[in-house]
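Summary of the model geometry
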Amino acid sequence: QVQLVESGGGLVQPGGSLRLSCAASGNIARVNRMGWYRQAPGQQRELVATITSGGITNYADSGKGRFTISRDNAKNTVYLQMDSLKHEDTAVYYCNAAITPTLPRYEYTYWGQGTQVTVSS
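Described in the following lines is the structure provided in the data block. (Residues numbered from 1 in each chain as written. Predicted model: local features only at pLDDT ≥ 70, side-chain atom pairs only at ≥ 80, totals over all residues. Heavy atoms only, no water.)

Let us now look at the nonpolar core. Among soluble globular proteins, nonpolar side chains are generally buried collectively. W36, L80, M82, Y93 and I99 are the most contacted members of the largest nonpolar core, which totals 30 residues. With 5 residues, the top contributor of residues to this core is strand β9 (residues 91–101). (Core = buried A, V, L, I, M, F, W, Y, C linked by side-chain atoms within 4.5 Å. Buried < 20%, exposed > 50% of the residue type's maximum accessible area, 1.4 Å probe, protein only. Helix = DSSP H or I, 4+ residues; strand = E, 2+ residues; numbered from the N terminus.)

Summarising the sheet, strand β4 (residues 28–39) and strand β5 (residues 46–51) pair through 5 bridges and their orientation is antiparallel. By the bridge assignment for β5, G35 is matched with T50. Of the pairings in the sheet, the one linking β5 to strand β6 (residues 57–59) comprises 3 bridges and is antiparallel in character. Looking across to β6, one finds that A49 is bridged to Y59. In this antiparallel pair of consecutive strands, β5 and β6, the connection spans 5 residues, and G55 shows a positive phi of 95°. (Pairing = 2+ DSSP bridges.)

The strand order across the open sheet formed by 4 strands is β1-β3-β8-β7, and the pairing between neighbours is antiparallel. The sheet terminates laterally at β1 (2–7) and β7 (67–72), the two strands that pair on one side only. Each adjacent strand pair in this sheet contributes to an overall mean axis angle of 15°, direction not counted. Alignment of β7 against strand β8 (residues 77–82), held across 6 bridges, turns out to be antiparallel. The residue bridging T68 from the neighbouring strand is Q81, located in β8. (Axes fitted to C-alpha atoms, helices over the stretch in contact; angles between N-to-C directions.)

Attention now moves to the state of the cysteines. One pass over the full model with this rule turns up 1 disulfide. Sulfur-sulfur distance for the disulfide between C22 and C95 comes to 2.1 Å. Of note, the bridge from C22 to C95 carries an S-S torsion of about -80° and is left-handed in sense. Taken as a pair, C22 in strand β3 (residues 18–26) and C95 in strand β9 lie far apart in primary sequence, 73 residues in all. Look at C95 and you get buried, because its relative accessible area is 0%. (Disulfide = S-S within 2.5 Å.)

Turning next to the pattern of salt bridges. In total, this model carries 4 salt bridges according to the counting rule given. A salt bridge links E46 to R38, with the shortest nitrogen-to-oxygen separation between them at 2.7 Å. Taking the relative accessible area as the measure of exposure, R38 reaches 6% and is therefore buried. In the salt-bridge network here, residues are joined through shared partners; they are R38, E46, R66 and D89. (Salt bridge = Lys/Arg side-chain N within 4 Å of Asp/Glu carboxyl O.)

Any functional reading would require information that these geometric values do not contain.
Dropping the structure here:
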């Protein structure tokens, strides 16, 4: 059984910062690509950022220059540092990871339960 557990969401004023964390746990053989997606009310889920096991990052245009994705491979954890937050960043943020469990040895995509980020004055 593999699961992703997120933390770090909350209410922040415009211009403020938040740091999200997502830890993968369970019977894991390898954690491959990890990332963050978000979904605002009435909108489709969209990419925020991804990072490979080797540290190569990719960002959606909306977060470039403001968001930083990183990971700790020893802890199977991915982080999203969000700075200069805007009203339009308000959404539920979901952790996503491509993981190969110990058994069966196939890669699956897993999702976290989501954490609410609200940017409001």
